[in-house]
Amino acid sequence: MPYGGYEAYPGANTDEWREMLTGTHPQMRSGAELWKHVPAHERCKMCYAPFDGFGGVISKMRGRGPGNWHPRICEACETFSKGHPGGVELDISMAFVDVRNSTELSEGLSPGDYARTMNRFYSVATNGLTDADAIIDKLVGDEVMALFLPAFAGEDHAAKAVEGCQNIMSRIGYGTADGPFIEVGAGVNTGPAYVGVVGDQGNYRDFTALGEEVNLASRLAQAAASGEILVSQRTLTVTGMEPGGFRTITAKGFVNPIEVGVFAS
């Protein structure tokens, strides 16, 4: 299935991918009726396998402990999803968070101190996003990319994406007497994207989202000033949120100016 210039793997089952990404796949849900009756505070969002208590011990022994992809998805569901080639076009929300002036920051610190500062940023950003039910797609240089999918974030994934970015701004220190320990900007967009496994059919694969709407979210983050979250009109419409103001920006790769909502920290 061609999308955004990308050709899905031959024979890729788009219906199966749609079921996985909307949380309705029968195999991923097969144990849900059993697991959901086992008491637990934390559990897999797909199959309900418990992560704590006695049930957590049992599920971990059965390969359903917390995975690396998302702290609220078990290893089995993670492996099942990543093991399928191809993907599907789906409405999702995306968030990008960029460090401002990272080059200048690196010049003022030793390599070790710069690495520690960036690792602190990565930790705060990924925790803030996953607390809002994001899938962390990538940590690239001075940027974090997150996907908010219906299977994990629910139907209100657009609002969750804004919430995740607000979590980050608060935890970094915006609005406090001491101020942020690092300056960042964020962008959020909602729209159709190709979501799935891309790359070589052998060892080099990546689960990601592709398409114009993903690119727009990245451009919004790049255009955001320190402490700002720029939110697309599509996201504002879906969520009904009222930003603190509006701005028109120009974005690389987009012919027309883009009006965005501005949430300032």
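Predicted model only: the values in this text are computed from it and were never measured. (Residues numbered from 1 in each chain as written. Predicted model: local features only at pLDDT ≥ 70, side-chain atom pairs only at ≥ 80, totals over all residues. Heavy atoms only, no water.)

Student: What exactly am I supposed to notice about helix H3 (residues 53-61) here?
Tutor: The periodicity of an α-helix, 3.6 residues per turn, causes residues three or four places apart in sequence to face the same way. Along H3, the residues classified as buried are Gly-55, Gly-56 and Ser-59. Seen along its axis, H3 keeps its buried residues to an arc of 105°; they face one direction. Residues of H3 that are exposed and point over 90 degrees away from its buried face: Phe-54 and Met-61. (Buried < 20%, exposed > 50% of the residue type's maximum accessible area, 1.4 Å probe, protein only. Helix = DSSP H or I, 4+ residues; strand = E, 2+ residues; numbered from the N terminus. Arc of directions from axis to C-beta.)

Student: Before we go on, may I ask you to explain the side chain of Lys-160 in this structure?
Tutor: Assignment of secondary structure puts Lys-160 in helix H8 (residues 157-172). A polar atom in the side chain of Lys-160 sits 3.3 Å from the backbone oxygen of Ala-153. Beyond its immediate sequence surroundings of up to four residues, Lys-160 is in contact with Ala-132, Asp-133, Phe-148 and Ala-153. (Polar contact = N/O pair within 3.5 Å; in protein donor to acceptor, adjacent residues only side chain to side chain. Contact = heavy atoms within 4.5 Å.)

Student: Got a minute to help me understand the packing of aromatic side chains in this structure?
Tutor: Tallied over the entire structure, the rule returns one aromatic pair. With a centroid separation of 5.6 Å and an interplanar angle of 45°, the aromatic rings of Phe-121 and Tyr-122 are classed as tilted. Across the pair, Tyr-122 and Phe-121 agree in class, each one buried. The cationic tip of Arg-120 hangs over the ring face of Phe-181; the distance from NZ or CZ to the ring centre is 3.8 Å. (Phe/Tyr/Trp six-rings, centres within 6.5 Å; stacked < 30°, edge-to-face > 60°. Lys NZ or Arg CZ within 6 Å of the ring centre and 35° of its normal.)

Student: What exactly am I supposed to notice about the side chain of Arg-43 here?
Tutor: Secondary-structure assignment places Arg-43 in the loop between helix H2 (32-35) and H3. Here Arg-43 occupies a buried position and makes no salt bridge, while the nearest side chain of opposite charge, Asp-52, is found at 6.8 Å. At a separation of 2.6 Å, a polar atom in the side chain of Arg-43 contacts the main-chain carbonyl oxygen of Val-38. Within polar-contact distance, the side chain of Arg-43 engages the backbone oxygen of Tyr-48 at 2.7 Å. Aside from chain neighbours lying at most four places away, what touches Arg-43 is Trp-35, Lys-36, Val-38, Tyr-48, Ala-49, Pro-50, Phe-51 and Arg-72. (Lys, Arg positive; Asp, Glu negative; His and termini not counted. Salt bridge = Lys/Arg side-chain N within 4 Å of Asp/Glu carboxyl O.)

Student: Is there a simple way to think about the pattern of salt bridges in this case?
Tutor: For side chains bearing opposite charge, pairing can occur when the charged atoms are close. One pass over the structure, following the stated rule, counts seven salt bridges. One salt bridge connects Asp-131 with Arg-171, and the closest N-O pair in it is separated by 2.9 Å. Of this pair, Asp-131 sits in the loop between helix H6 (111-130) and strand E4 (135-140) while Arg-171 is found in helix H8, placing the two residues 40 residues apart along the sequence. Accessibility expressed as a relative area gives 37% for Asp-131, which makes it partly exposed. A relative accessible area of 41% places Arg-171 in the partly exposed class.

Student: Is there a simple way to think about unusual backbone geometry in this case?
Tutor: Most peptide bonds are trans, and most residues other than glycine sit at a negative phi. Of note in the backbone geometry, Asn-101 takes a positive phi value of approximately 55° without being a glycine. Note on placement: Asn-101 falls in the loop between strand E3 (86-99) and helix H5 (102-107). Phi is positive for Asp-133, which is not a glycine, with a value near 75°. Within the secondary structure, Asp-133 is located in the loop between H6 and E4.

Student: What exactly am I supposed to notice about the nonpolar core here?
Tutor: Inside soluble globular proteins, nonpolar side chains tend to come together where they are buried. Residues Leu-21, Cys-44, Ile-92, Leu-147, Leu-149, Val-195 and Phe-207 are the most contacted members of the largest nonpolar core, which totals 32 residues. Looking at this core, the elements with two or more residues in it are helix H1 (14-22), helix H4 (75-82), E3, strand E5 (143-148), helix H7 (150-153), strand E6 (184-199), strand E7 (205-210) and helix H9 (212-223). Top contributing element to this core by residue count: E3, with five residues. In this structure, Leu-149 is in contact with Leu-21, Ile-92, Ile-135, Gly-154, Val-195 and Phe-207, ignoring residues within four places of it in sequence. (Core = buried A, V, L, I, M, F, W, Y, C linked by side-chain atoms within 4.5 Å.)

Everything listed is a geometric property; what it means functionally is a separate question.
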